[in-house]
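Notes for the structure review
Here is what each chain is made of, one letter per residue.
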Amino acid sequence: MSDPVAGNAAPPPDAAAASTPPPDPATTPEANLIDTKLLANELVKNLDAPAAENQITPAADPGPEVKFKLVYNKTNYEIVMGENRTVRELKDHIETLTKLPRAMQKLMFKGLVKDDTKTLKELKVVKNSKMMCVGTTMSDLVAVTTKPSSSEIVANTSSVTKKEPLSKQKIHQKVLDKGKPEDAMPGIIGVKQPLPSHPLNGMVNKTGGKVRLTFKLEEDSLWIGTKARTEKISMSSIRNVVSEKIEANPEYYILGIQLGPTELSIYWIYWIPAQYVDAVKDTILGKWQTFF
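Residues numbered from 1 in each chain as written. Predicted model: local features only at pLDDT ≥ 70, side-chain atom pairs only at ≥ 80, totals over all residues. Heavy atoms only, no water.

The subject of this paragraph is the overall build of the chain. Counting secondary structure elements, the chain contains 7 helices and 11 strands. With 292 residues in all, the chain has 34% of them scored as buried. With the model as given, the accessible surface of the chain reaches about 17800 Å², and the carbon-plus-sulfur share is 55%. (Helix = DSSP H or I, 4+ residues; strand = E, 2+ residues; numbered from the N terminus. Buried < 20%, exposed > 50% of the residue type's maximum accessible area, 1.4 Å probe, protein only. Areas by Shrake-Rupley, 256 points an atom, 1.4 Å probe, with all protein chains shown as cover.)

Set out below in structure tokens:
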């Protein structure tokens, strides 16, 4: 004999759970954050895994020790290594000191150091030499790749729309209205180039005076030269560098070097060639900008 109420019985718990699909874990904020970190970790892991033929065997004889200074992120490090040690070994040591992955490091010593197999002796690193390292740490990389929230996007958009372009502001417009200097270096749109071996010239300051920028990487200093004098400024003392393209001449930029604690201390330079702007900022601030 069949149970008369069997047809009206509630479905078993397992069946009820099966009828409601679980939330997609890929759509949760936690999953987005985890995916971002995994992406950054995987990127660095791939960059940091050299091919077998690129493995460098440490020098059997490190040679006489040489003591020199390394500047990274406005911090000075004293390095003591044998002169037969390679750039690769130096980068491994820098990673230990700074937590900056070797694959993300760029070393500047009399220009960009491109060959990891060269020794300190071959680079002519001697006592009290100064070397500069630029690069992006894992925490910075995660911050760059983390997707901002909708509220952050709205806030950033509103602040940008309210800000008047530098080239439209009176203080800058009166300089730009005088026109591009005849000796201005050629500007190139859409290209990023390293600093040239010679000083940047053909630019002007707020008063219209000629300006020349010379980067003394071995001294960690920036020389700002005018007709009247040359100011030698320690790059570690510079608070910030801002830039914005000139709307009427997008192949050139306005650059502001903040020498003190407030924006009133910004030294403005006009007609910087667009292709050198990122190199100028990265060299002064000691930070290599990562682009995806």
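Among the residues making up helix α7 (residues 277-285), those that are buried are Val277, Ala279, Val280, Asp282, Thr283 and Ile284. Just past α7, the residue Gly286 takes up positive phi, approximately 70°.

In this section: the sheet that holds strand β2 (residues 75-82). Across the sheet, which stays open at both edges, the 4 strands sit in the order β2-β1-β4-β3 with mixed pairing between neighbours. Bordering the open sheet on either side are β2 and β3 (106-108), each of which pairs with just one other strand. Neighbour-to-neighbour, the strand axes of the sheet open up by a mean angle of 30°, direction not taken into account. Contacting β1 (65-72), β2, β3 and β4 (130-134), helix α3 (residues 87-98) runs over the sheet at an angle of about 140° to β2. (Pairing = 2+ DSSP bridges. Axes fitted to C-alpha atoms, helices over the stretch in contact; angles between N-to-C directions. Contact = heavy atoms within 4.5 Å.)

Of all residues in the chain, 68% have pLDDT values of 70 or greater, and the mean over the chain is 78. Low pLDDT, under 50, characterises residues 1-11; the stretch is placed with 0 contacts to residues that sit more than four places away or in other chains. Counting contacts from residues 288-292, a segment whose pLDDT is below 50, to residues more than four positions away or on other chains yields 16 contacts. (pLDDT = per-residue confidence, 0-100.)

What follows concerns the pattern of salt bridges. Two side chains bearing opposite charge may form a pair once their charged atoms approach each other closely. Scanning the entire structure with this criterion turns up 8 salt bridges. When the shortest N-O distance is used, the salt bridge between Glu89 and Arg85 registers 2.9 Å. Where Asp116 meets Lys91, a salt bridge forms, and the shortest distance between an N and an O atom there is 3.1 Å. Of the two residues, Asp116 is situated in the loop between β3 and β4 and Lys91 in helix α3; the sequence distance between them amounts to 25 residues. On the accessibility criterion, Asp116 (22% relative accessible area) is partly exposed. A relative accessible area of 8% places Lys91 in the buried class. (Salt bridge = Lys/Arg side-chain N within 4 Å of Asp/Glu carboxyl O.)

Turning to the packing of aromatic side chains, a few remarks are in order. All chains considered together, the criterion is met by 1 aromatic pair. Seen in terms of ring centroids, Tyr252 and Trp271 are 5.6 Å apart; in terms of plane orientation they differ by 70°. Their pairing is edge-to-face. With a gap of 19 residues between them, Tyr252 in strand β10 (residues 249-258) and Trp271 in strand β11 (residues 266-273) connect regions that are remote in the sequence. Judged by its relative accessible area of 2%, Trp271 is buried. The positively charged end of Lys216 is found above the aromatic ring belonging to Trp223, 4.7 Å away from the centroid. Looking at Lys232, its charged tip hangs above the ring of Trp223, at a distance of 4.3 Å from the centre. (Phe/Tyr/Trp six-rings, centres within 6.5 Å; stacked < 30°, edge-to-face > 60°. Lys NZ or Arg CZ within 6 Å of the ring centre and 35° of its normal.)

Our next topic: the sheet that holds strand β6 (residues 210-216). Read from one edge to the other, the open sheet built from 7 strands follows the order β8-β7-β6-β5-β11-β10-β9, with strand pairing classed as antiparallel. A single partner strand is all that each edge strand has here, and the edge strands are β8 (230-234) and β9 (240-246). Averaged over all pairs of adjacent strands, the angle between strand axes in this sheet comes to 30°, irrespective of strand direction. Inspection of the sheet shows strand β5 (residues 200-205) paired to β11 by 2 bridges, in the antiparallel sense. Considered in β11, the bridge of Val204 is made with Tyr270.

What follows covers the pairing of β5. Of all 6 residues making up β5, 5 are buried, and the element is well covered by its neighbours. Between β5 and the antiparallel strand that follows it, β6, lie 4 residues; Gly208 among them carries a positive phi value of about 90°.

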